[in-house]
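The residues making up each chain are set out below.
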Amino acid sequence: MAEKQQEFGADLDHGHLCCSVCLELLREPVSIQCGHSYCRGCIEGCWDQEEKKDQFSCPQCRESFSARPVLRTNTMLAEVVEKLRRTSTEQVSPSLACAGPEDVACDFCCGTRRNKASTSCLTCLASYCPAHLEAHHSVPVLKMHQLVSATSTLQEKMCTKHHKLMEVYCETDKMCICYLCTVDEHKRHTVLSATAERAKEQKQLIVKQKAVQERFQEREMELKKLIQATKDFKSCCQTAVKSIDDISDELVSEIKRTLTAANELVAVQETKAIVSAEGLQLQLEEDITKLRRRDDDLEQLSHMDDHVHFIQMFPSLSTSCESPDLPLGAVSYPRRLMETVTECISELRDNIKDLLKSALPKISATVSTVRVMLPVVPNTREEFLLYCCSLTLDANSVSQTFSLSQEYRRVQSHSFQQCRSSHPDRFGYGRQVLCKEGLTERCYWEVSWSCSKSTSSRCTWSVAVSYKDISRKSSDSEFGKNTKSWSLECSSEGYTFQHNSRSVAVSGPKSSKIGVYLDHKAGILSFYSISDSMTLLHKEHTTFTQPLYPGIGQKNCDGCGCHAEVMKLW
């Protein structure tokens, strides 16, 4: 007797006492006329949905009822479920998984979390998870239904016009159709059953499969050849590496000799620079001492009550006590003391021994340019060109009536707007463009322009510098009309310097090329007219608080054919 009870207890698990709708242990179990039991809430939820159709059925065996059955609690089943709930914590069968976005969901699972369907019934036109499919294996009538794997939703197998299962294949249109399609749209077409078409294509599948197997064998043979070729290639590479090592050993001595000479040049140049710097340091300390002493003397003189003595002493104390040949701002802190020596060494290729002989003077010339002190402000164009910088016009800032070309260095005006995407950096007012590069050191660049004969008399070009955060959309975004930009306007009538809406007429030789020199730290911005010689047009002294971006602008011209260009000096 105890053994029988033990067997009964072993069989009494969650699977037998689960609701086939929610797949959980029965909650307030109720039984309906066909004998199946459900949670009261689950079966009422199902019937609430069917009430609109005025038909009610068992979700498991699909038996229909003419009226909505009255539900009564199954007291004995409720006691058994409650006892099992207390004594067992075992979960529902792990074979049931929730349906994902790509899965076919069970049509009989209620709630938001529906299980993944494993089988579709082509007779019921529904998909089932393993729990809800049980009736198709136990009910004799349902056993005769045609079951297939739930690889896709049944909607994909349904005719969109007649809402019938597609069981016929139209050879004329090469598509699956339903039986009703054969009497209208596909009338007089060559049709056959999907089973017959599958049999035909199955033969083609065998042929295709044989071809794939042959290609597989061919690819497998190619793989073996590739592996062998790879081994041979590795062997050749090792031989080549050995040859390279032998050549490298031969060249190392020559390279070491050249680099040693280069190191000696660096050391000599470093010594010269340090000596020069120490001399400047002594001069600065001497000037500081003199200035401190002069300050004390002036302080004493300011408190002197002898007017005559004051007048006699003041002229001598008013003269400068500093060294006349010691310029301010002469000290430099270069980040890059010399051009990379490897740039010279990289030129030593096939004929490296011969190239080393010619590379040493070049390395020496490169090292000799190392300086701790920057030279005085350049005077000649050759000296300005030492500070030339590479500039590129920013396509994100260019106005709609401008187009860029010539390696993003030339801007051309148009009478119509270009089709460009919106960008927060794009100038929406006027014709302007900034460069991508922000400048914070000593820099020099040149801008040239050309206008058509019909517009040259009224066309005005602006050669400018601006902070990055200049306004882009309002009327005060024009170069020179705000506190964040400085502009030299160039026209056939002459030049005008503008900053913060302040205009200053500038005299000088007319030219279609302007040179701009910027010393950001010293706060110097200079514009030069470039022709056979350089002529200073305007020099601005101020304090720059942000990196400056070179810019080009145009106004008073609606014609085409005018362009300006940042000259390539580097």
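Everything quoted here is computed from the prediction, not taken from an experiment.

How each quantity is defined
Residues numbered from 1 in each chain as written. Predicted model: local features only at pLDDT ≥ 70, side-chain atom pairs only at ≥ 80, totals over all residues. Heavy atoms only, no water. Helix = DSSP H or I, 4+ residues; strand = E, 2+ residues; numbered from the N terminus. 1 Å grid on protein atoms, 1.4 Å probe; cavity = no way out; pocket = protein on both sides within 12 Å on 5 of 7 lines; lining within 4 Å. Points joined across faces, edges and corners; volume = space filled by probe spheres on them. Nonpolar A, V, L, I, M, F, W, Y, C, P; charged D, E, K, R; others polar. Buried < 20%, exposed > 50% of the residue type's maximum accessible area, 1.4 Å probe, protein only. Contact = heavy atoms within 4.5 Å. Polar contact = N/O pair within 3.5 Å; in protein donor to acceptor, adjacent residues only side chain to side chain. Pairing = 2+ DSSP bridges. Axes fitted to C-alpha atoms, helices over the stretch in contact; angles between N-to-C directions. Core = buried A, V, L, I, M, F, W, Y, C linked by side-chain atoms within 4.5 Å. Salt bridge = Lys/Arg side-chain N within 4 Å of Asp/Glu carboxyl O.

Visitor: Explain unusual backbone geometry here, please?
Guide: Only a minority of non-glycine residues have a phi that is not negative, and only a minority of peptide bonds are not trans. For Asn500, which is not glycine, the phi torsion reads 55° and is therefore positive. Within the fold, Asn500 resides in the loop between strand S18 (494-499) and strand S19 (502-506). If you check the backbone angles, Ser501 has positive phi at about 65° while not being a glycine. Tracing the backbone shows Ser501 in the loop between S18 and S19.

Visitor: Is there a simple way to think about the layout of surface pockets in this case?
Guide: Remark: the empty space left among the atoms is shown by a probe the size of a water molecule rolled over them. Reported here for the second largest pocket is a volume of approximately 670 Å³. What lines the second largest pocket is a set of 19 residues, among which Glu50, Lys53, Arg62, Asp107 and Phe108 lie closest to the centre. Take the lining of the second largest pocket: its biggest share by element is three residues, from helix H2 (residues 40-50). Taken together, the residues of the lining of the second largest pocket break down into ten nonpolar, four polar and five charged.

Visitor: Explain H2 here, please?
Guide: Residues spaced three or four apart along an α-helix face the same direction, because each turn holds 3.6 residues. All buried positions along H2 are accounted for by Arg40, Cys42, Ile43, Cys46, Trp47 and Glu50. Those residues of H2 hidden inside the fold are in contact with strand S1 (29-31), strand S2 (37-39), strand S3 (56-57), strand S4 (64-65) and strand S5 (72-73).

Visitor: Just to check I follow, could you spell out the side chain of His538 for this structure?
Guide: Turning to its location among the elements, His538 is positioned in strand S22 (residues 534-541). Reaching out from His538, the side chain makes a polar contact with the side chain of Glu540 at a distance of 2.9 Å. Apart from residues lying up to four places away in sequence, His538 is in contact with Phe497, Val506, Leu525, Ser526 and Phe527.

Visitor: Before we go on, may I ask you to explain the pairing of S19 in this structure?
Guide: If a strand is regular, its side chains alternate between the two faces of the sheet. The sheet contact formed by S18 and S19 spans five bridges and is antiparallel. Bridge pairing in S19 places Gln498 opposite Ser503. From the end of S18 to the start of S19, which pair antiparallel, there are two residues, and Asn500 there has a positive phi angle of about 55°.

Visitor: Where do I start with the sheet that holds strand S16 (residues 460-466) in this structure?
Guide: Sheets are built from strands that pair by backbone hydrogen bonding, the pairs being arranged parallel or antiparallel. Spatial strand order, S14-S23-S16-S17-S18-S19: six strands in an open sheet with antiparallel pairing. Of all the strands in the sheet, the pair left with one neighbour each is strand S14 (431-434) and S19. When the angles between neighbouring strand axes are averaged without regard to direction, this sheet yields 20°. Where S16 and strand S23 (residues 549-555) come together, seven bridges link them in antiparallel fashion. Following the sheet pairing, Thr460 is matched in S23 by Lys555.

Visitor: Any chance you could explain the sheet that holds S2 here in plain terms?
Guide: Taken together, three strands build an open sheet; the order of strands is S2-S1-S5 and the sheet is antiparallel. The outermost strands of the open sheet, each flanked by one partner alone, are S2 and S5.

Visitor: Would you mind going over the nonpolar core with me for this structure?
Guide: One recurring pattern in soluble globular proteins: nonpolar side chains tend to sit buried together. Counting residues in each nonpolar core, the largest one holds 37 residues, and the members touching the most others are Trp445, Trp461, Leu488, Ile514 and Ile552. Those elements that provide at least two residues to this core are strand S15 (442-450), S16, strand S17 (485-491), S18, strand S20 (513-519), strand S21 (524-530) and strand S24 (563-566). Residue contributions to this core peak at four residues, all from S15. Counting residues in hydrophobic clusters, the runner-up holds 21 residues, among them Val30, Ile32, Tyr38 and Cys39.

Visitor: Quick question: what am I supposed to make of the pattern of salt bridges here?
Guide: Pairing between side chains becomes possible if they bear opposite charge and their charged atoms approach one another. According to the stated counting rule, one finds 21 salt bridges in the structure shown. In this structure, Glu44 and Arg40 form a salt bridge, with 3.9 Å as the shortest nitrogen-oxygen distance. Residue Glu44 and its partner Arg40 are located together in helix H2, separated by four residues, close to a single helical turn. The class of Arg40 is buried, set by a relative accessible area of 18%. With a closest N to O distance of 3.7 Å, Glu478 and Lys481 form a salt bridge. A residue is classified by how much of its surface remains accessible, and Glu478, at 17% relative accessible area, is buried. Look at Lys481 and you get partly exposed, because its relative accessible area is 29%. Through salt bridges with shared partners, one network takes in Glu407, Arg409, Arg410, Glu565 and Lys568.

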